[in-house]
Amino acid sequence: MPRPARPAPALAEGDTPVTRLAGVGPAVAAKLAERGIHTLQDLWFLLPLRYEDRTRLTPIRELRPGRPLQTEGRVRHVERQFRGRPVLKVTLADEDGALLHLRFFHFRGPQVQAFQPGRRVRVFGEVRPGLGGWEIVHPSYRLLEEQDPGELGDRLDPVYPQVEGLGPGSMARLVRLALAALPQAERLEQLPLALWRELALPDLREALLTVHHPPADADIAALLAGTHPAQQRLAFEELLAHALSLRRQRIALREHGAFALPPAPSAVDALRRALPFALTAAQQRVLAEVEADLGKPQPMLRLVQGDVGSGKTVVAALAAMQAVAAGRQVALMAPTELLAEQHLQNFQRWLEPLGIRVAWLAGKVTGKARRETLAAIAEGAAQVVVGTHALMQGGVVFGALGLVIVDEQHRFGVHQRLALRDKGLEGERVPHQLVMTATPIPRTLAMTAYADLDLSVIDELPPGRTPVTTVAVAAERRPELVERVRKACAEGRQAYWVCPLIEESEEIEAQAAQTTFEQLSEALPELRIALLHGRMKPTEKQETMRRFKAGELQLLVATTVIEVGVDVPKASLMVIENAERLGLAQLHQLRGRVGRGRAASSCVLLYQPPLGAIARERLEVMRRSNDGFVIAEKDLELRGPGELLGTRQTGLAVFRIADLARDAAWLPQVQAVAERLLAGSPDIAEAIIARWVGSAARYASA
Ligand code: ADP
Ligand code: MG
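Bear in mind the structure is a predicted one, so any value in this text is a computation, not a measurement. (Residues numbered from 1 in each chain as written. Chains lettered and ligands numbered in written order. Predicted model: local features only at pLDDT ≥ 70, side-chain atom pairs only at ≥ 80, totals over all residues. Heavy atoms only, no water.)

S.K.: What am I meant to see in the overall build of the protein here?
M.R.: Looking only at helices and strands, one finds 26 helices and 22 strands in the protein. Of all intrachain contacts in the protein linking residues separated by at least 6 positions in sequence, the fraction that spans at least 24 positions is 76%. Accessible area of the protein: about 30700 Å², with a carbon and sulfur share of 52%. (Helix = DSSP H or I, 4+ residues; strand = E, 2+ residues; numbered from the N terminus. Contact = heavy atoms within 4.5 Å. Areas by Shrake-Rupley, 256 points an atom, 1.4 Å probe, with all protein chains shown as cover.)

S.K.: Is there a simple way to explain the pattern of salt bridges in this structure?
M.R.: Scanning the model with the defined rule gives 35 salt bridges in all. Among the ionic pairs, Arg248 bridges to Glu686, the shortest N-O distance being 2.8 Å. Linking Arg248 in helix H10 (residues 229-255) with Glu686 in helix H26 (residues 682-692), this pair joins segments that are 438 residues apart in sequence. Given a relative accessible area of 36%, Glu686 falls into the partly exposed group. The partner of Glu552 in a salt bridge is Arg546, with the nearest N and O atoms 3.5 Å apart. For Glu552, a relative accessible area of 33% corresponds to the partly exposed category. Taken together, the shared-partner salt bridges connect Glu189, Arg233, Glu237 and Arg691 into one network. (Salt bridge = Lys/Arg side-chain N within 4 Å of Asp/Glu carboxyl O. Buried < 20%, exposed > 50% of the residue type's maximum accessible area, 1.4 Å probe, protein only.)

S.K.: Can you walk me through the site of ligand 1 in this structure?
M.R.: Close to ligand 1 lie 16 residues, the nearest being Gly309, Lys312, Thr313, Arg465 and Asp567. Measuring from an oxygen atom of ligand 1, one finds a side-chain N or O atom of Asp567 at 2.5 Å. Relative to its unbound accessible surface of 570 Å², ligand 1 loses 86% to contact with the protein. When the residues that make up the shell around ligand 1 are grouped by side-chain class, the tally is 5 nonpolar, 6 polar and 5 charged. (Near = heavy atom within 4 Å. Polar contact = N/O pair within 3.5 Å; in protein donor to acceptor, adjacent residues only side chain to side chain. Nonpolar A, V, L, I, M, F, W, Y, C, P; charged D, E, K, R; others polar.)

S.K.: How should I be thinking about the nonpolar core in this particular structure?
M.R.: If you look at soluble globular proteins, the nonpolar side chains tend to sit buried side by side. In terms of nonpolar packing, the biggest core is built from 62 residues, with Leu32 and Leu43 touching the most fellow members. Sorting the residues of this core by element identifies helix H2 (26-34), helix H3 (40-44), helix H5 (168-179), helix H7 (193-198), helix H8 (204-212), H10, helix H25 (667-680) and H26 as the ones contributing at least two each. For Leu32, the contacting residues outside a window of four places in its chain are Val18, Val24, Ile37, Val163, Leu166, Met171 and Leu174. (Core = buried A, V, L, I, M, F, W, Y, C linked by side-chain atoms within 4.5 Å.)

S.K.: Would you explain H25 in this entry?
M.R.: A turn of α-helix holds 3.6 residues, and therefore any two residues three or four places apart point the same way. With 14 residues, H25 ought to run about 20 Å at 1.5 Å a step, and its terminal C-alpha atoms sit 20 Å apart, in line with that. What H25 keeps buried is the set Leu667, Val670, Gln671, Val673, Ala674 and Leu677. Buried positions in H25, seen along its axis, are confined to an arc of 170 degrees and lie on one side of it. (Expected span 1.5 Å × (residues − 1). Arc of directions from axis to C-beta.)

As structure tokens, then:
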């Protein structure tokens, strides 16, 4: 990238307050300010959410749901109804007699009067199937005179984000006024114009003008899809702004100090020697990265990604050894009690023989036990503390917290992770953080979503695992599966039968599992079967897991509580009901519960036909691949990154124009430009962050 010749220009035009615009008095300014709009520049960057295409008329019989369309008809029938509140229903018909029903919930008398039978009405909105034909709720519409030629527009209409108290018309007008003050390209641009020529993208001025007011000859399909060069130009800069902002946070984090936890080969090796297996090459590499980070006086913030079963837990335990050897405490937080308990057992088994005290803290720990645990944590006597969200609560005070380990990061919000970290705040020093996740995230996306974390990948499974064979089977073949379970268990294998969430309620999910449990118990009287769901008491859950793990139980009927982390190597058959309703990430997680031992494992995805196109594709991906990264790429394609990562969970920004899935191809260049800007022109970096992210840089102290 060519270096800019001069620092970012001071943009007098951009800093002009909105109150200079005609019609913006204190009241309107206050409303705009609530949305963070103070200056002309804020209006320039208030980008249309989408466009409305009024350049075409679609006959009523050709209307289809999916996106808003424009159509025309004549009033056939007007009816005022009362359905708990007043409803106005206007039926239109076109020349062929096709009907379209318009439904209004807010209307006034004169409006009703105007819909005279036979009157021409032009309508814009998205149809949905109603009783007796298509229906549009609250369309925008226009009455046409008989003689009106009804000319169609020749360009797309921008739709702006709503500002409380201002109509869509006034927003469009304000943006138009603000754009009149847009300076020349050289003055507006923060980045060198040569960069855009290199990327074959328009300059900022042209891009803004096109995006706000697409010219008549613009490529309408591209604009509606978000792939027009003008949109791509802005998306690039927005992605750049976010990349810069994350990197800046990372730099801020590095400015905190941390207690250096020097490598402790003898302590760490003592644990390694006690393990019943040797580390894989990938585990060794990741451990070395963690060990090096811990030794530094700056806080580590490292994400360890590894497919289900890749052996992340033991890496965490070895890192914990290093911290404990340095005289510091370790907190390990897991998202579910089941998983936290499993970690507790592993850590106790591994660490206690070496004389390390492992404590347990969950919501259910109360009374005297809780007081004693809290005291041990505060004194530092509890060297490793394993638990759930309960670890973050007030009242939990660590004597000398040195390392925070968070398992299954995607289940926690960024803020929760920070809350735990801050338990170890001592002056300017913060604990090291190790974050583990089995949600494989495509690398490009990880770079953007987690640019503030260093990334380690365990990209190898322990030896001796055989890939899981997966089949998809229609639900009517359930009886065959029952036989298959009978046979597998007779051969000494163990099986899971998973009943996933069918309703948005743990209670109903538990009921479904209960019913399946009863049916299977009846069909398979010779088997030792148990039920596991989220509504059971922790002690019951624990006991059931213990018996399953010990081989006392042959079949476990469970809800998705077993989705995360549960490790029973001898289980080698899994049946997942209603598989068509689950996303790829969840199916992959569930399937990861089998294939952990030496026996060849299989997974049966039971589905309820008929399958929709996306569900069919998902099941096909599961059948073909066992590779979490392949599955994640596909998931990204099918669902988009927001759902994949969970916007809320990651603190991943809501973009104004960029779309991580659509624009992913830019990310390597975005990263490269970001690095060069931070190194060479931090003032420009600041200006770009301010322009796009502004005060929305919410978690500024990661
Ligand atoms: P995950 O990465 O999904 O959290 P776990 O840490 O639960 O995986 O490990 C899965 C299983 O593999 C556990 O039973 C663990 O003891 C075992 N394991 C871990 N590392 C190795 C290894 N290098 N060789 C053999 N087994 C291993
Ligand atoms: Mg795990």
